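Examining the three-dimensional arrangement
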Amino acid sequence: MQPEEILSVIRQAADAWMAGKADAFAVLFAANGEFIVPGNRWVGQAAIRKAAADYASAYSEVKIHIKRIIVNGNQAVVEWDWEDKENATGTRSQANDAIVIDFKDRRINRW
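Keep in mind that this is a model prediction, so the values were computed, not measured.

1. Structural notes on the pairing of strand 3 (residues 59-72)
Across 11 bridges, strand 3 lies against strand 4 (residues 75-86) in antiparallel orientation. From the neighbouring strand, Asn72 faces strand 4, where its bridge partner is Gln75. Between the end of strand 3 and the start of strand 4, which pair antiparallel, lie 2 residues, with Gly73 showing a positive phi angle near 65°.

Written out as structure tokens, the structure reads:
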């Protein structure tokens, strides 16, 4: 994968997550891709789609600001700031985060 393709997929993932588009997010993953966040791991597009949809129904006003992306081969490190609001309580959260993403066959293999 070319670095510009990797950058495009990462931006598409951020845009899909902010817009609450679970299908658009899940399709970026390989058939058996992994989506890992602290305390949770989902494998496969169907599980990833459900996780994204569940999040989108529970949270709103999601903002992701990508600070930098470092690409090395078929891997990328993304540093970003994250904000959201929990719909049930109105609680707002913010986080500074860094993630590693592996790509295979033009899709996210592991997040």
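The rest of the description comes next.
2. What to know about the pattern of salt bridges
Under the counting rule described, the total for this entry stands at 10 salt bridges. One salt bridge connects Glu5 with Arg106, and the closest N-O pair in it is separated by 3.3 Å. Highlighted residues: Glu5 in helix 1 (residues 3-19) and Arg106 in the loop between strand 5 (92-104) and strand 6 (107-110), separated in sequence by 101 residues. One salt bridge in this structure joins Arg92 and Glu61, with 2.7 Å as the shortest N-O distance. Separated by 31 residues along the polypeptide, Arg92 in strand 5 and Glu61 in strand 3 bring together distant segments of the chain. When its relative accessible area of 55% is taken as the criterion, Arg92 is described as exposed. The partly exposed category is assigned to Glu61, whose relative accessible area is 39%. The network of salt bridges with common partners includes Lys67, Arg68, Glu79 and Asp81.

3. Looking at the sheet that holds strand 3
The 6 strands lie next to each other as 2-1-6-5-4-3, forming an open sheet whose pairing is mixed. Every interior strand has two partners, whereas the edge strands, strand 2 (40-43) and strand 3, have only one. Going from strand to strand, the sheet's axes swing by 35° on average, the running direction of each strand aside. Note: strand 1 (residues 29-37) against strand 6, 2 bridges, orientation parallel.

4. Structural notes on the side chain of Asp102
Relative to the assigned elements, Asp102 resides in strand 5. No salt bridge is formed by the buried Asp102, whose closest oppositely charged neighbour, Arg110, lies at an N-O distance of 4.7 Å. In this view, Asp102 contacts Asn74, Gln75, Arg107, Ile108, Asn109 and Arg110; residues no more than four positions away in its chain are not counted.

5. Things to note about the environment of Gly33
With respect to the helices and strands, the residue Gly33 is situated in strand 1. Note: C-alpha distance between Gly33 and Arg68 (35 residues apart in sequence) is 23 Å. Beyond its immediate chain neighbours, meaning those up to four positions away, Gly33 contacts Trp42, Val43, Gly44, Ile48, Ile108 and Asn109.

6. What to know about the nonpolar core
The biggest cluster of nonpolar side chains holds 28 residues, and the ones touching the most others in it are Trp17, Phe25 and Trp111. Elements represented by at least two residues in this core include exactly helix 1, helix 2 (22-26), strand 1, helix 3 (45-58), strand 3, strand 4 and strand 5. With 7 residues, helix 1 is the single largest residue contributor to this core. When residues no more than four places from it in sequence are discounted, the contact partners of Phe25 are Ala13, Ala16, Trp17, Phe35, Ile48, Ala52 and Trp111.

Basis of the calculations
Counting of residues starts from 1 at the beginning of each chain's written sequence and follows it residue by residue. Local features in a predicted model are, by the rule used here, given only for residues with pLDDT of at least 70; side-chain atom pairs are given and counted only at 80 or more, and totals for whole chains, interfaces and linings are based on all residues. By convention in this description, side-chain values take in all heavy atoms of the structure and omit both hydrogens and water. Here the rule is simple: two strands pair whenever DSSP picks up at least two bridges between them. Put simply, DSSP H or I for four residues or longer makes a helix, DSSP E for two residues or longer makes a strand, and each gets a number counted from the N terminus. By salt bridge we mean one thing: a side-chain nitrogen of Lys or Arg within 4 Å of a carboxyl oxygen of Asp or Glu. A 1.4 Å probe rolled over the protein chains alone gives each residue an accessible area, and that area as a share of the maximum for its type sets the label: buried under 20%, exposed over 50%, partly exposed in between. Angular values range over 0 to 180 degrees, each being the angle between N-to-C directions of two axes fitted as lines to C-alpha atoms, with helices fitted over their stretch in contact. This count recognises Lys and Arg as positive and Asp and Glu as negative, with His and chain-terminal groups excluded. The criterion used for residue contact is that any of the two residues' heavy atoms lie within 4.5 Å. Here the nonpolar core consists of buried residues drawn from Ala, Val, Leu, Ile, Met, Phe, Trp, Tyr and Cys, with membership extended through side-chain atoms lying within 4.5 Å.

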